[in-house]
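Topology and contacts: notes
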Amino acid sequence: MSAPADIDVRPVTEAEHPEWLRAVHAGFLLEPAVSETELEARRSQFEPGRLLGAFDGDRCVATFRSFAQEVTAVGGEYVAADAITAVTVTATHRRRGLLTRMMSQDLAAAKERGDVLATLIAAEHRIYGRYGFGPATSAAEWTIDVPRAGLDPRGPDLDGGRIDLVEPGDVRKLGPELHDRMRRAMPGVISRDDWFWQLKTGAVRPDPKWTEPFFAVYRAADGTVEGLMAYEVDDKWADMQPLNTASVRSLIASTPAAERALWHYLCSIDWVVQVKSGWRAPDDLLPLLLPNSRAARITMQSDWLWVRILDVVQALEARTYEGEGALVLEVVDGSGVAGGRYRLEASPDGATCTETTRSADLTLDVRELATLWLGDESVARLVALGRVREERAGAGRGADALLHTSRRPWCPDMF
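So, here is what we can say about the structure in this document. The structure displayed is predicted, hence computed values, not measured ones. (Residues numbered from 1 in each chain as written. Predicted model: local features only at pLDDT ≥ 70, side-chain atom pairs only at ≥ 80, totals over all residues. Heavy atoms only, no water.)

1. A word on the overall build of the protein chain
Note the following rule: The numbering of helices and of strands both runs from the N terminus, where a helix is a DSSP run of H or I of at least 4 residues and a strand a run of E of at least 2. For this measure, only C-alpha atoms enter the radius of gyration; the expected value for a globule follows 2.2 Å times N^0.38, where N is the number of residues. For each residue, the accessible area found with a 1.4 Å probe, counting protein chains only, is set against the maximum for its type, and the residue is called buried under 20%, exposed over 50%, and partly exposed in between. Computed with the Shrake-Rupley method and a 1.4 Å probe, the accessible areas treat only the protein chains shown as cover for residues. Charge convention: Lys and Arg are scored as positive, Asp and Glu as negative, and His as well as the terminal groups of each chain are ignored. The atom standing in for a charge is NZ when the residue is Lys, CZ when it is Arg, CG when it is Asp and CD when it is Glu.
Scanning the protein chain from N- to C-terminus turns up eleven helices and 21 strands. Against the 2.2 N^0.38 benchmark of 22 Å for 415 residues, the protein chain shows a C-alpha radius of gyration of 23 Å, consistent with a compact globule. Considering only C-alpha atoms, the protein chain reaches an extent of 65 × 55 × 40 Å along its principal axes. Looking at the protein chain as a whole, 52% of its 415 residues qualify as buried. A total accessible area of about 19,900 Å² is found for the protein chain, and carbon and sulfur atoms account for 50% of it. One way to put it: in the protein chain the 48 positive side-chain charges average out to a point 4 Å from where the 62 negative ones average out.

Put into structure tokens, the structure is as follows:
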């Protein structure tokens, strides 16, 4: 067994990319072989310095990838982030500090670039808190019992708008502009690059099991595209009765009217008796769009986007605040990346954040600050759990008045 010091953690070269992908497959329990189709499809994702690998001799035994991303802060500003994905450690080489070495290298590089945040979707909940990450959004999936929903089976009242089934090429043309409008209004949404649209429409197919979904577009009365949905339908019958389920892969919309129309359309398709919503915001409009909201029940719920703050000042100044007040935060960061004492002065007109020597109102770890940054979590709950300490009585309630948001943030994508 190689000692940790004998394992080389370094940026992956193009020549090592196939070996790195094989290690990704091993880490995610996929088929060991990497096809030429997948290798070619993922070649465009290779960015020098952003793929890290741990090598025991010539064999890659741990993987790590990051790429540039933007996250929508509360109020609509886009914040530069270091998005982390493809994190694996092969089972033969666990508990040797390989992830810590890769994470430390990547976060140091992100800080040097000026990224405000790092982000990831955590496959395992227990891993990333020790690196300063905290869950900043959550997601839920509803399952709709269509016959109980109470919707008109003839379909939605579109009020002058229309729904069209479109081709993948149309999605690549229409989707980016709609997504840009939607993400400006929803904190927690992340940017989508050209690779995303190619991947979701089958223009590139690293997964040989990918199948083309149906794509439906909602256009308002003036022709503006306000909603886009990708869905698939299974084929199940019993005793000559249809028992089909429509499963949503993605639904984005810039207006509530578009959401209502697309959900009603999906529930009105002949032979569909059940709809699975895919991952939605935890306070999504969906159940309340149904005449009988009990027909929609939550069947999955989880944390989703995890955030690691790299620059406290920029992160807190980037977002908006519904209330007005001042708050001094003692931020603890064991890695030394973002710790310190900061005074936040905020109002609906803007915010300033500066380092200070004033007495702290609250003391919290950087991972708790990440959990609070998008306004989803309650400071009072974290105080009750002992994860935030009040240095001044009542400071938690005052912080909630500043940080909490009226609608919950949402990240619709996995990366």
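Now that the structure has been shown, the text picks up again.
2. Digging into helix 9 (residues 366-373)
One turn of the α-helix equals 3.6 residues, which is why residues spaced by three or four share an orientation. As a reminder of what qualifies: Counted as a polar contact is a pair of N or O atoms within 3.5 Å, where, for protein atoms, one must be capable of donating a hydrogen and the other of accepting one, and residues adjacent in sequence contribute only when both atoms are in side chains.
Burial of helix 9 is extensive: seven of the eight residues sit out of reach of the surface. A side-chain oxygen of the first residue of helix 9 lies 3.0 Å from the backbone nitrogen of Arg367; this N-cap is Asp365. With its phi angle positive at about 85 degrees, Gly375 sits one or two positions after the end of helix 9.

3. Quick notes on the side chain of Gln69
Operational definition: We call two residues in contact when some of their heavy atoms are within 4.5 Å.
In this structure, Gln69 sits in strand 3 (residues 59-72). On the basis of relative accessibility, which here comes to 5%, the residue Gln69 falls in the buried class. Here Gln69 is in contact with Val79, Ala80, Ala81, Ala83, Thr119, Ile190, Ser191 and Phe415, once residues within four sequence places are set aside.

4. Focus: the side chain of Asp361
For Asp361, the location among the structural elements is in the loop between strand 19 (350-355) and strand 20 (362-365). Its relative accessible area of 11% is what places Asp361 among the buried residues. Side-chain polar atoms of Asp361 contact the backbone nitrogen of Val328, separated by 2.7 Å. At 2.8 Å, the side chain of Asp361 and the side chain of Arg392 are in polar contact. If sequence neighbours within four positions are ignored, Asp361 has contacts with Ala326, Leu327, Val328, Arg389, Glu390, Glu391, Arg392 and Ala395.

5. Re the nonpolar core
We apply this condition: Only buried residues count toward a nonpolar core, which is a set of Ala, Val, Leu, Ile, Met, Phe, Trp, Tyr and Cys residues joined through side-chain atoms within 4.5 Å.
Ranked by internal contacts, the top residues of the largest apolar core, which has 48 residues, are Leu117, Ile309, Leu316 and Trp373. Take this core: its biggest share by element is five residues, from helix 9. For Ile309, the contacting residues outside a window of four places in its chain are Val116, Leu117, Ala315, Ala338, Val366, Leu369, Ala370 and Trp373. Counting 28 residues, the second-largest nonpolar core is a separate cluster that includes Val146, Tyr218, Leu290 and Ala295.

6. Thoughts on the sheet that holds strand 4 (residues 78-89)
Formally: When DSSP locates at least two bridges between a pair of strands, those strands are taken to pair. Between the N-to-C directions of two axes lies an angle of 0 to 180 degrees, each axis being a line fitted to C-alpha atoms and, for a helix, fitted only over the stretch in contact.
An order of 1-2-3-4-5-16-6 is seen for the seven strands of this open sheet, with the pairing classed as mixed. Lying at the two open borders of the sheet, with one neighbouring strand each, are strand 1 (8-11) and strand 6 (134-135). By the bridge criterion, three bridges tie strand 4 to strand 5 (residues 117-121) in an arrangement that is parallel. For Ala83, the partnering residue across the bridge sits in strand 5 and is Thr119. Its contacts with the sheet place helix 1 (residues 17-27) against strand 2 (51-56), strand 3 and strand 4, and it is angled at close to 85 degrees to strand 3.

7. Quick notes on the sheet that holds strand 9 (residues 214-219)
The sheet built from seven strands is open, its strands ordered 8-9-10-13-14-7-15 with mixed pairing. Each edge of the open sheet is held by one strand with a lone partner, namely strand 8 (162-166) and strand 15 (296-303). Neighbour-to-neighbour, the strand axes of this sheet turn through a mean angle of 25 degrees, independent of strand direction. As judged from the three bridges shared by strand 7 (residues 138-145) and strand 14 (residues 272-276), these two strands associate in the antiparallel manner. Residue pairing for strand 14: Ile144 is matched across the bridge by Val275.

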